[in-house]
Amino acid sequence: MTMSIGFTALQPGGLPTGALDRADRALYLAKTSGRNQVAGPSVMTAAGQDAADTAHAGSVDLF
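Conventions we followed
- Starting afresh in each chain, residues are numbered from 1 along the sequence in its written order.
- Confidence filtering applies because this is a predicted model: local features only for residues at pLDDT of at least 70, side-chain atom pairs given and counted only at 80 or more, and all residues used for totals across whole chains, interfaces and linings.
- As a rule here, side-chain values come from all non-hydrogen atoms in the structure, and water together with hydrogens is ignored.
- We call a set of buried residues a nonpolar core when its members are Ala, Val, Leu, Ile, Met, Phe, Trp, Tyr or Cys and they connect through side-chain atoms within 4.5 Å of each other.
- To sort residues, take the accessible area from a 1.4 Å probe on protein chains only and compare it with the maximum for the residue type: under 20% means buried, over 50% means exposed, and anything in between is partly exposed.
- Where helices and strands are cited, they refer to DSSP runs of H or I of at least four residues and of E of at least two residues respectively, numbered from the N terminus.
- Contact criterion: two residues are considered in contact whenever any of their non-hydrogen atoms come within 4.5 Å of each other.
- The predictor rates its confidence in each residue with pLDDT, a number between 0 and 100.
- By definition here, a helix of n residues has an expected span of 1.5 Å times n minus one.
- Any Lys or Arg side-chain nitrogen located within 4 Å of an Asp or Glu carboxyl oxygen qualifies as a salt bridge.

Novice: Please clarify how the nonpolar core should be interpreted in this entry.
Specialist: What tends to happen in soluble globular proteins is that the nonpolar side chains get buried as a cluster. Residues Ala26, Leu29, Ala30, Ala39 and Met44 constitute the largest nonpolar core, which totals five residues. Among the elements that make up this core, the one with the highest residue count is helix α1 (residues 16-32) (three residues). Excluding residues that lie within four positions of it along the chain, Ala30 makes contacts with Ser4, Ile5, Arg35, Gln37 and Ala39.

See below:
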């Protein structure tokens, strides 16, 4: 059994969709880094990925 975790910090004035997007991108980075990894904002920055919010307007699908 393996586990990969992606996390983020809530930003003042940020939208919940932005936090979910950042955490999702961190999770996929953890999975592509060899699984059994934990990725957050500092890991995303070190990997050359933007840890900031991306422009989103719309709904969030949770499944």
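Novice: Help me out: how do you make sense of the confidence of the model for the chain in this one?
Specialist: Reading predicted coordinates in detail is not appropriate for stretches of low pLDDT. The predicted model of the chain averages 82 in pLDDT, with 79% of residues at 70 or higher. Taken element by element, the predicted model of the chain shows its lowest mean pLDDT in helix α2 (residues 41-46) (86) and its highest in strand β1 (residues 5-6) (94).

Novice: Just checking my understanding: could you explain the environment of Arg35 for this structure?
Specialist: By the secondary structure assignment, Arg35 is in the loop between α1 and β2 (38-39). Residue classification places Arg35 among the partly exposed residues on the basis of a relative accessible area of 47%. Each C-alpha atom, one on Arg35 and one on Ile5, is 9.0 Å from the other, the two residues being 30 residues apart in sequence. In this view, Arg35 contacts Thr2, Ser4 and Ala30; residues no more than four positions away in its chain are not counted.

Novice: It is not clear to me how α1 should be interpreted in this structure. Could you clarify?
Specialist: The periodicity of an α-helix, 3.6 residues per turn, causes residues three or four positions apart to be oriented the same way. Over its 17 residues, α1 runs 25 Å from end to end, which matches the ideal 24 Å to within 8%, given 1.5 Å per residue. Buried within α1 we find Gly18, Ala19, Asp21, Arg22, Ala23, Arg25, Ala26, Leu29 and Ala30. Buried residues along α1 sit in contact with β1, β2 and α2. Immediately beyond the C-terminal end of α1, within one or two residues, lies Gly34, with a positive phi of roughly 115 degrees.

Novice: Is there a simple way to explain the pattern of salt bridges in this structure?
Specialist: Think of it this way: side chains of opposite charge can pair up when their charged atoms draw near. Summed over the entire model, instances satisfying the criterion amount to one salt bridge. The residue Asp21 makes a salt bridge to Arg25 at a minimum N-O spacing of 3.1 Å. Here Arg25 and Asp21 lie together in helix α1, a separation of four residues that amounts to about one turn.

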